[in-house]
Amino acid sequence: MEMKRGFVNELARQAGISHSHVSNILCGRKRPRYKIASYLAGATGTEIYIWMEGTPYDIRSAIEEAEEKARLAREAAREEYYRSVIGDDDIPF
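Residues numbered from 1 in each chain as written. Predicted model: local features only at pLDDT ≥ 70, side-chain atom pairs only at ≥ 80, totals over all residues. Heavy atoms only, no water.

(A) Seen up close, the pattern of salt bridges. Counting across every chain of the model gives five salt bridges. Salt-bridge contacts for R13 lead to E10; the nearest nitrogen and oxygen are separated by 2.5 Å. In this pair, R13 and E10 both sit in helix 1 (residues 5-15), three residues apart, roughly one turn of the helix. (Salt bridge = Lys/Arg side-chain N within 4 Å of Asp/Glu carboxyl O. Helix = DSSP H or I, 4+ residues; strand = E, 2+ residues; numbered from the N terminus.)

Have a look at this one:
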């Protein structure tokens, strides 16, 4: 999986570190210190240990998994909202 530049830029902004530092971490050229790993984990919804000990593949897989969990949670919340507003029989999906 290739990380898009926009994703790397946004992750760098959220973590408060440079784009190149994030890129080096995602490529496996550098390991983040605990504080940076905690910022990256918070920004991506992943665990700190993945950033500290994982391979680039582990990190990218964890990010994808966290994104999928967030997407499913949004869908469930949207469905629950529709059920509460319109009722069970008239859900548009």
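(B) Expanded view of the packing of helix 1 against helix 2 (residues 19-27). Two elements in contact, helix 1 and helix 2, have axes whose closest approach is 8 Å; the angle formed by their N-to-C orientations is 115°. It follows that helix 1 is roughly perpendicular to helix 2 by the angle criterion. Of the two elements, helix 1 crosses helix 2, and the hand of that crossing is right-handed. Taken together, the residues of helix 2 that come into contact with helix 1 (itself represented by R5, V8, N9, L11 and A12) are H19, V22, S23 and L26. (Axes fitted to C-alpha atoms, helices over the stretch in contact; angles between N-to-C directions. Parallel < 35°, antiparallel > 145°, perpendicular 65-115°, else oblique. Left-handed = near helix turned anticlockwise from the far one by under 90°. Contact = heavy atoms within 4.5 Å.)

(C) Structural context of helix 5 (residues 56-85). Taking 1.5 Å of rise per residue, 30 residues should cover 44 Å, and helix 5 covers 43 Å from first to last C-alpha, within 8% of that figure. Of the surrounding secondary structure, the elements contacted by the buried residues of helix 5 are helix 1, helix 2, helix 3 (34-44) and helix 4 (48-53). Following helix 5 by one or two positions, G87 adopts a phi angle in the positive range, close to 105°. (Expected span 1.5 Å × (residues − 1).)

(D) Expanded view of a nonpolar patch on the surface. On the surface, a nonpolar cluster with roughly 300 Å² of combined accessible area is contributed by Y81, V85 and I86. Mapped onto the secondary structure, I86 falls in the segment after helix 5. (Patch = residues over 30% accessible without salt bridge, like charges linked within 9 Å, V, L, I, M, F, W, Y side chains within 5 Å. Areas by Shrake-Rupley, 256 points an atom, 1.4 Å probe, with all protein chains shown as cover.)

(E) Just the packing of helix 2 against helix 5, in detail. Across the interface, helix 2 lies against helix 5 with an axial gap of 7 Å and an inter-helix angle of 110°. As judged from the angle between their axes, helix 2 and helix 5 are roughly perpendicular. Contacts between helix 2 and helix 5 involve I25, L26 and C27 on the former and, on the latter, P56, I59, R60 and I63. Its residues assigned to classes, the contact of helix 2 with helix 5 shows six nonpolar, no polar and one charged. (Nonpolar A, V, L, I, M, F, W, Y, C, P; charged D, E, K, R; others polar.)

Nothing here speaks to function; it is geometry throughout.
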